[in-house]
Amino acid sequence: MKNIVIVVDDSLLVRNIMVKALEDEYTVMEASDGREAIELVRNNKDNTVCVLLDLRMPKYDGFVVLEYFKNYNLSDKIPVYIISGDDSKDTIERAFTYNVVDMLNKPFSPDKIKEAVKRAINISNN
């Protein structure tokens with residue numbers, strides 16, 4: 001099995017763009033909200049190499065997922081890269097209080113997505 005990248009976004013369009021950009025190199029799993037993301041991480045934590053996480057979602061948002069990572073000490077094992085269209089100062093500052101690699105602002109190109117995942121994996125392997 002290829003390494004797993006989990007894409008968490010409530011937009012099907014965004015998830016489709018991510019899957020197309022990454023599916024040649026990784027097994028891409030999708031979650032449309034934080035609850036699904038936590039389930040995927042819980043069930044696949046040994047093979048997951050990166051989580052691409054939107055912050056603004058209905059039900060469980062990205063901050064719930066970041067809290068889960070913090071509470072279960074997963075941030076050192078699985079790097080999280082924020083993907084968001086919300087570039088407000090408060091949101092960015094709050095996101096970086098967690099152990100995240102960086103933030104990729106929407107809209108983004110397939111090359112930027114691949115770059116972000118490679119960067120996250122490289123950082124976590126060092």
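My aim in this report is to walk through the structure given alongside it, one point at a time.

1. Observations concerning the overall build of the chain
Within the chain, the regular secondary structure consists of five helices and five strands. Traced from its N-terminal end to its C-terminal end, the chain shows the element sequence β-α-β-α-β-α-β-α-β-α. A compact globule built from 126 residues would reach a C-alpha radius of gyration of about 14 Å, and the chain, at 13 Å, matches this within 12%. Here the chain, with 126 residues, has 48% of them falling under the buried criterion. Counting contacts in the chain only where the partners sit at least 6 residues apart, residues at least 24 apart contribute 61% of the total. With an accessible surface of roughly 6,800 Å², the chain has 46% of that area assigned to carbon and sulfur atoms. One finds the centroid of the 17 positive side-chain charges in the chain at a distance of 2 Å from the centroid of its 21 negative side-chain charges.

2. Focus: the nonpolar core
Inside soluble globular proteins, nonpolar side chains tend to come together where they are buried. Ranked by internal contacts, the top residues of the largest apolar core, which has 26 residues, are Val51, Leu53, Leu66, Phe69 and Ile82. Elements that contribute at least two residues to this core include exactly strand E1 (4-8), strand E2 (27-31), helix H2 (34-44), strand E3 (48-53), helix H3 (62-71) and strand E4 (80-84). In terms of residues, this core owes the most to one element, H3, which gives five residues. When sequence neighbours within four positions are dropped, the list of residues in contact with leucine 53 reads Val8, Gly62, Val65, Leu66, Val80, Tyr81, Ile82 and Ile83. Grouped together as the second largest cluster of nonpolar side chains are 22 residues, Ala21, Leu104, Phe108 and Ala120 included.

3. Some words on the environment of valine 19
Along the polypeptide, valine 19 turns up in helix H1 (residues 12-22). Each C-alpha atom of the pair valine 19 and valine 5 lies 9.2 Å from the other, and the pair is 14 residues apart in sequence. Leaving out residues up to four positions away in the same chain, valine 19 has contacts with Val28 and Glu30.

What counts and what doesn't
- Residues numbered from 1 in each chain as written.
- Predicted model: local features only at pLDDT ≥ 70, side-chain atom pairs only at ≥ 80, totals over all residues.
- Heavy atoms only, no water.
- Helix = DSSP H or I, 4+ residues; strand = E, 2+ residues; numbered from the N terminus.
- Rg over C-alpha atoms; globule rule 2.2 N^0.38 Å.
- Buried < 20%, exposed > 50% of the residue type's maximum accessible area, 1.4 Å probe, protein only.
- Contact = heavy atoms within 4.5 Å.
- Areas by Shrake-Rupley, 256 points an atom, 1.4 Å probe, with all protein chains shown as cover.
- Lys, Arg positive; Asp, Glu negative; His and termini not counted.
- Charge placed at Lys NZ, Arg CZ, Asp CG, Glu CD.
- Core = buried A, V, L, I, M, F, W, Y, C linked by side-chain atoms within 4.5 Å.

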